[in-house]
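Per-entry structural report
Residues per chain are reported as follows:
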Amino acid sequence: MNAILIKLFATALTLSQVTTRPDAVRTQFDPAKDGGQVVAILRDGCAHMRKSFDIEDINLDELISTAMEDPSAVAGDNAPKILHGLDIAELNTSYKQFCKGENPANSPFEAAAVIAFYNNAVKDLPSAEALRDIKLPSASVILDAAGKPYSETFETHGRRLVVPIEGVPDLVQKAFVAAEDKRFYQHHGIDERGVIRAFVGNLASPGRPAGGSTITQQVVKNLSVGDDVTYERKIREMIVASRLERLQTKPQILGLYLNGIYLGRGAYGIEMAARSWFGKSVGALTLPEAALLAGLPKGPNYYSPDKYPERARERRAYVLSRMKEEGTITEAQMNAALASDLGIKPPDAARQDSGFYLVDHVARETRTFAGLETLTNASYTVRATVNAGLQSALEAALQEGLAAYERGTGRARYEGPELNLSEAIKRIEAAAPAPEPVAEPAPAPEAKKGVRKAAVAKAPAKPTVQPAWQRALVSARPPLYDVRWPLAVVLQTGKNGTKVGLPDGRVASLEPGPARGKLQVYDAVRVRLREGKGSLRAELRVRPTVQGAAIVLENRTGKILAMSGGFSYPLSQLNRVTQAVRQPGSTLKPLTYLAALNAGLQPNTLVMDSAVTLPPIGGVGDSWSPKNYDGGGSGATTIRRGLEFSKNLVTARLLQGGIAAKAPDSLQRVCDIALEAQLYAECERYYPFVLGAQPVRMIDLASFYAAIANEGARPSAYALEAVERDGKPLYRHPDKAPVRIGSADRVAFYQLKTMLQGVTQHGTAAALSGISAYVAGKTGTSENENDAWFAGFSNEITVVVWAGYDNADGVRRTLGRGQTGGHVSVPIARAIFQAAWANGVARTPLAPPSPEAKALIADLPIEPRSGQRVAGGGFIEHFRLKGGQVADTQYALVPRDTLYAMRPDAEDGDYANAEDGADVAGDLFGNLPGGRRSTEDPFAQRRSAETDSGRTADPWGLRRDRREEPQAWPGRDRYGQVNPVPFGSPFDDEGDTRTRQRRRDPDYLFGDDPGY
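First, a word on what this report is: a plain description of the structure on this page.

Calculation notes
- Residues numbered from 1 in each chain as written.
- Predicted model: local features only at pLDDT ≥ 70, side-chain atom pairs only at ≥ 80, totals over all residues.
- Heavy atoms only, no water.
- Helix = DSSP H or I, 4+ residues; strand = E, 2+ residues; numbered from the N terminus.
- Buried < 20%, exposed > 50% of the residue type's maximum accessible area, 1.4 Å probe, protein only.
- Polar contact = N/O pair within 3.5 Å; in protein donor to acceptor, adjacent residues only side chain to side chain.
- Core = buried A, V, L, I, M, F, W, Y, C linked by side-chain atoms within 4.5 Å.
- Contact = heavy atoms within 4.5 Å.
- Pairing = 2+ DSSP bridges.
- Axes fitted to C-alpha atoms, helices over the stretch in contact; angles between N-to-C directions.
- Expected span 1.5 Å × (residues − 1).
- Salt bridge = Lys/Arg side-chain N within 4 Å of Asp/Glu carboxyl O.
- Parallel < 35°, antiparallel > 145°, perpendicular 65-115°, else oblique.
- Left-handed = near helix turned anticlockwise from the far one by under 90°.
- Nonpolar A, V, L, I, M, F, W, Y, C, P; charged D, E, K, R; others polar.
- Phe/Tyr/Trp six-rings, centres within 6.5 Å; stacked < 30°, edge-to-face > 60°.
- Lys NZ or Arg CZ within 6 Å of the ring centre and 35° of its normal.

Re the environment of H157
Topologically, H157 is positioned in the loop between β4 (149-153) and α8 (170-180). Relative accessible area serves as the criterion here: at 55%, H157 is assigned to the exposed category. Sequence separation of H157 and Y268 is 111 residues, and the distance between their C-alpha atoms is 7.1 Å. At 2.7 Å, the side chain of H157 forms a polar contact with the side chain of Y268.

This is the structure:
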């Protein structure tokens, strides 16, 4: 027996059972014993078919005989006699045997073969009860801090919002029924007339097969048996559909269908489709909108309004004509709908393109805090803390900053285009501008009695005005869907330059950079536009290899306003803000200074910036001899300047009596603060800890810096505000005040805050000097430049930025010599602060001490380099009061006698001949050349508006000469060596003729030195 004939009879056996005995469908027959029963079932099924067609006054026998005996009557003169290896004569003989009661001698029918195929097809049949109780995967909507839809979370093939059938307007229901299954309310799961019509049409016109499936069958196919194009699937589908009809009402089945189908743009179900295509809920759909959606199940890609608007109009016209024929709408309503525009929203309005790391974090918090197993088992409304505008800007700043680093270091490499649009453009150009109207599958030969042809209304075709490359670019789905640089398509290469097309239709000249000579026409690449006078220009942007991360935290509440865990989410889903630890380097130094300030030292306390060796803790292990980044030292300096210029030796020396009497005890106090601040679960008690050797999570570092801004009140970072379902609250983040870090008091925290403002004003983060009235913070660079950091805050927010290589392959790749936090991360942080202020975050000068701290603080003028108190003017330092008096600790660590012994004689004239504008601010006793006193206040801008130049006062003269650290002592050169003739003085005619290796601080940022 022919294999195709076996499959057809097995399918007929199924159809006969579900239409004549739906309550007793057998799923197993005995090949040896049940042949006679199978023959009887097939004959009963054929008799039932004839009666069904008699209702429509159609002679089924005549219809099928004509199609099999004379296919040219339906398909034309070229109709084939053989279909997929099936002899139509054998099929006709079999039909006569079962439908006309004949007993041909040459019958090809073999019951055993048909039974064997049928039994195999229906084994392990899915349960219809499972469909009755099914919970469709759903998408949950995430709202931003402003309450606007921001994102969705869903499983693959599960981007849907389930709505009860009662919530779908009757007009929408009827549009889908008219388009997909006009006898939906009459049949019992299988429409035998539709099946036979599809069979006859496919027999006469082999090609793309017509379906004939009911809405119930489509539900079973989509949600149960799968969509394999096989006879086995069709058999299983019919049986389960028949059983489902006995378990569910018609409205319930229609609800499953409308919530389950795919309707383009990644949308499953009618509610998500309505929002994706029209930006509204299903309840607000108009007639033409409902008809457009009802036309999509037949081919969401083929009839896509995005790609083929003419096809979409024709398909909509067909649906409207069917609705008019069924009496659902009037002719006037149909004509008005035909004349309307498609009315779809742009694709970008329907898809998320930022915040994927943050959305992942929100989903994890729903499991941890709200106790939800997943956000996809129902449709939840999730309220997040994200500031949508700031989130996009943060990602753009991070991506541009990382790419700028690689361009600046020569590490940028072009690895090819993100995608090529050649094939997409060819398909668009080949698509017919006005395809033929789409009609229902041909029911039967028109010449025969009772055959009807559905009337199809034609809508006027609208010409396509966009070039093919633009349409392909707009509908492209680039792999790096969250990269903020616009995607452009290469239109021209060669001697006449490179041209690219943009999504808005404009054409720009491209500077190809590292891709010079490698671009091909229709490559899709990332660009940065340079708009101005003349023609539009663009610069190529290459995906960097280096990684980075950034977070913006609201100080008072701990709300995560923005966060990016990497360069691009599709490249790596690892959230480096919350799921990775890295060495923080100097960003951890404030812990040690906080401990010293809390122990009673004042910011003007002098510390030797010189070699130091700390003995092993408990006599076990090696002693520790740290070094500054440049390998040298600058002698005595104040605690403030030690932090501002990130001195490792000063930080280490604070452990020698600056915090506790013995270094191990000092280290323990630093660890205590770190543990209380929840920077670590455990503190590794080894001296390099104070220089940031123990890795930390970025999110925890951000909370600590927020605590500094809050004078010691540490917030708990979170992104999940609330969860609702069907309008009912399931979870809300509790209102709780930040927890105070009791290991240090408000005075110590405020003093530390002012010292960190000095870092942004004239220290290692002086690139922020223009905004230092509003921002304080600290740079950080780990060993061998593996990590580059900036952690800083304003009154309202904390920003932390990290850059580095993942080193996941076990090879530690560094950023390169001199690539510090000040160079790499500070520019990114600056852009993020500016973006925050542009997106609703207040911009206010850093706050003065709280009333509690102010009562214990005295503001007194000092000479800034030496820390020496002066009678008037000078830099205003903030001193802790003890018993109502200023505790003088200036010489607590470096005795006054030691300083006098080291002081050169006055007659050496160290400053008398100093070069005008050199980096000289006076000696350790506040004396300036000519007997003057320093009177400038570097924190003046904290108390007043910015100057016209945007720079703060600078008693250190660093903005005039930023070549390196100021000289440590008058009469000594910048390398600490005795210099009888001051370097650079008018008496040094030849200048410094010695060969010197240049010194660099780890976070040195003053880029106006051409040799740096």
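Digging into the nonpolar core
I551, V552, L591, L679, F689, L756 and I832 are the most contacted members of the largest nonpolar core, which has 123 residues in total. The dominant element in this core, judged by the number of residues it contributes, is helix α25 (residues 698-709), at ten residues. Residues contacting V552, with those up to four places away along its chain left out, are L390, L394, K559, I560, L561, A562, I797, T798, V799 and I832. One finds M49, V122, L293 and A337 within the second-largest nonpolar core, a separate group that totals 90 residues.

Quick word on the sheet that holds strand β19 (residues 720-725)
Sheet architecture is open: five strands sit in the order β4-β3-β5-β19-β20, paired in mixed fashion. The strands lining the two open edges of the sheet, one partner per strand, are β4 and β20 (728-732). Here the average twist between neighbouring strands, direction ignored, is 25°. Looking at chain direction, β19 and β20 are connected through four bridges and run antiparallel. By the bridge assignment for β20, E724 is matched with P729. Contacting β3 (140-143), β4, β5 (381-384) and β19, helix α17 (residues 356-368) runs over the sheet at an angle of about 65° to β19.

A word on the side chain of R576
Tracing the chain through its elements places R576 in the loop between β13 (560-564) and β14 (581-582). Within the structure, R576 has its side chain in polar contact with the backbone oxygen of G565 (distance 2.9 Å).

Remarks on the sheet that holds strand β24 (residues 797-804)
Strand order in this open sheet of five strands is β13-β12-β24-β23-β22, and the pairing throughout is antiparallel. With one partner strand each, in any of the chains shown, β13 and β22 (776-781) form the two edges of the open sheet. Taking each pair of neighbouring strands and ignoring which way they run, the sheet shows an average axis angle of 5°. Two elements, β22 and strand β23 (residues 787-793), share six bridges in a ladder whose sense is antiparallel. Paired with T781 across the bridge in β23 is A788. Contacts between helix α27 (residues 821-838) and the sheet are confined to β12 (547-554), β22, β23 and β24, with β24 contributing the most and set at about 145° to the helix.

Some remarks on helix α11 (residues 231-247)
Compared with an ideal rise of 1.5 Å per residue, which puts 17 residues at 24 Å, α11 spans 25 Å between its outermost C-alpha atoms and is within 8% of the ideal. Counting buried positions along α11 gives twelve out of 17 residues, so the element sits mostly inside the fold. Taken residue by residue, α11 has R233, K234, I235, R236, E237, M238, I239, V240, A241, S242, L244 and E245 as its buried positions. Looking at the buried positions of α11, the neighbouring elements they touch are α1 (3-20), α6 (111-122), α7 (128-132), α10 (215-225) and α12 (250-260).

A word on the pattern of salt bridges
Summed over all chains, the structure comprises 38 salt bridges. E724 is paired through a salt bridge with R383; the nearest N and O atoms lie 3.3 Å apart. Linking E724 in strand β19 with R383 in strand β5, this pair joins segments that are 341 residues apart in sequence. Between E400 and R541 there is a salt bridge whose closest N-O contact spans 3.1 Å. Of this pair, E400 sits in helix α18 (residues 388-408) while R541 sits in strand β11 (residues 537-541), placing them 141 residues apart in sequence.

Focus on the packing of helix α21 (residues 589-598) against helix α24 (residues 663-676)
To describe two helices that pack against each other, one gives the angle between their axes and the distance between the axes. Viewed as axis vectors pointing N to C, α21 and α24 meet at an angle of 115°, and their least axial separation amounts to 9 Å. What the angle tells us is that α21 and α24 run roughly perpendicular. Pair α21 / α24 crosses with right-handed handedness. Between α21, through L591, T592, L594 and A595, and α24, the contact on the second element is made entirely by V670, I673 and A674. Among the residues making up the contact of α21 with α24, the classes are represented as six nonpolar, one polar and no charged.

What to know about α12
Most of α12 sits inside the fold, with nine of its eleven residues counted as buried. Those residues of α12 that sit buried are K250, I253, L254, G255, L256, Y257, L258, N259 and G260. If you follow the buried residues of α12, they end up packed against α7, α8, α10, α11 and α13 (270-278).

Some details on the packing of aromatic side chains
Under the defined criterion, the tally for this structure stands at 16 aromatic pairs. Ring centres 5.7 Å apart and planes at 25° place the aromatic pair F356 and Y569 in the stacked group. With F356 in helix α17 and Y569 in the loop between β13 and β14, this residue pair connects regions lying 213 residues apart in the sequence. Each member of the pair F356 and Y569 is classed as buried. Centroid distance Y357 to Y569: 5.2 Å. Interplanar angle 80°. Geometry classified as edge-to-face. Highlighted residues: Y357 in helix α17 and Y569 in the loop between β13 and β14, separated in sequence by 212 residues. Owing to a relative accessible area of 3%, Y357 belongs among the buried residues under this scheme. For Y569, a relative accessible area of 13% gives the class buried. Site record: aromatic cluster; members linked through ring pairs are F356, Y357, Y481 and Y569. If you follow R315 out to its NZ or CZ, it ends over the ring of Y303, 5.6 Å from the centre.

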